[in-house]
Amino acid sequence: MKFTLPPLPYPSSALEPVISREALELHHDKHHKAYVDKLNEALDDAGWEGDESIEQLLRDLNTLPKALREDVRNFGGGHANHELLWETLAPGIAKPSDGLLAHIDRHFGSLSGLREQFMDEGVALFGSGWVFLVWDEARSRLAVEALPNQDSPWSRGQVPLLPCDVWEHAHYLDYRNRRADWIRDWWHLINWAQVERQLERVRASDEKTAPARTRVTQG
Ligand code: MN3
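Parameters and conventions
Residues numbered from 1 in each chain as written. Predicted model: local features only at pLDDT ≥ 70, side-chain atom pairs only at ≥ 80, totals over all residues. Heavy atoms only, no water. Donors = N, O, S within 2.8 Å, 3.2 Å for Na, K, Ca; no water. Helix = DSSP H or I, 4+ residues; strand = E, 2+ residues; numbered from the N terminus. Buried < 20%, exposed > 50% of the residue type's maximum accessible area, 1.4 Å probe, protein only. pLDDT = per-residue confidence, 0-100. Contact = heavy atoms within 4.5 Å. Axes fitted to C-alpha atoms, helices over the stretch in contact; angles between N-to-C directions. Parallel < 35°, antiparallel > 145°, perpendicular 65-115°, else oblique. Left-handed = near helix turned anticlockwise from the far one by under 90°. Nonpolar A, V, L, I, M, F, W, Y, C, P; charged D, E, K, R; others polar.

A. Geometry of the coordination of the manganese ion. Each protein donor to the manganese ion is listed here as His-27 (NE2), His-82 (NE2), Asp-165 (OD) and His-169 (NE2); together their distances run 1.9 to 2.1 Å. Linear spacing of the donor residues for the manganese ion on their chain is H-x54-H-x82-D-x3-H. Residue His-27 is located in helix H1 (residues 21-45), and its partner His-82 is located in helix H3 (residues 66-87); the two are separated by 55 residues in the primary sequence. Across the pair, His-82 and His-27 agree in class, each one buried.

Here it is as structure tokens:
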């Protein structure tokens, strides 16, 4: 299966001034594209003929041939993480719905509690990586996880819902080395409606596949 670079769901100037047109085009057209190209190249080289989605490949990372595993981890992770990043950004300041807020309050105390976790994890992460809001299947709960490089929550039994890119390439043009300022302003671009759609999808499939599991009932 050939993976393709998805177009941005908004004009490349739509996220200014937090993300300048130049920074967004570079990030999407060059960085994200490089992950897609290298992923396809690795799959070609390995003679891989499966038609798995990128999420399936990442979830089953440890069962892939050893020669392919590291490339799918890095380039496949890079593709999936960026695809979700673009989807969960939107111009203008949005707020979570009351339903989503109820989930957030239950797991993080409040919306600002969640924001603080993103900030703390993002600032503390050494080197390049991501901070994610995830749905943790095993614990049936929302969680914030910092992962290095292009590692994906899918490979850890978690469903990524909201990613914050803390690689320098995400903020260097607009924020130089000020990672904390980048995370602070990224927060105002979150497309909460998209985050909520992802969460509802996960919870719906959870209900179907694991009816006996202890689960969150509120909200
Ligand atoms: Mn990036």
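B. The arrangement of the confidence of the model for the protein chain in detail. Mean pLDDT for the protein chain: 93, with 94% of residues reaching 70 or above. Contacts of residues 211-219 to residues separated by more than four positions or lying in other chains number 18 contacts, the stretch itself having pLDDT below 50.

C. Representation of the packing of helix H5 (residues 111-124) against helix H7 (residues 179-186). Between H5 and H7, the least distance of the axes is 10 Å, while the angle of their chain directions is 150°. In terms of their interaxial angle, H5 and H7 are classed as roughly antiparallel. Considering only the axes of H5 and H7, their crossing is right-handed. Taking contact as the criterion, the partners of Phe-118, Met-119, Gly-122 and Val-123 in H5 are, on H7, Arg-179, Ala-180, Ile-183, Arg-184 and Trp-186. For the contact of H5 with H7, the class distribution of residues is 6 nonpolar, 1 polar and 2 charged.

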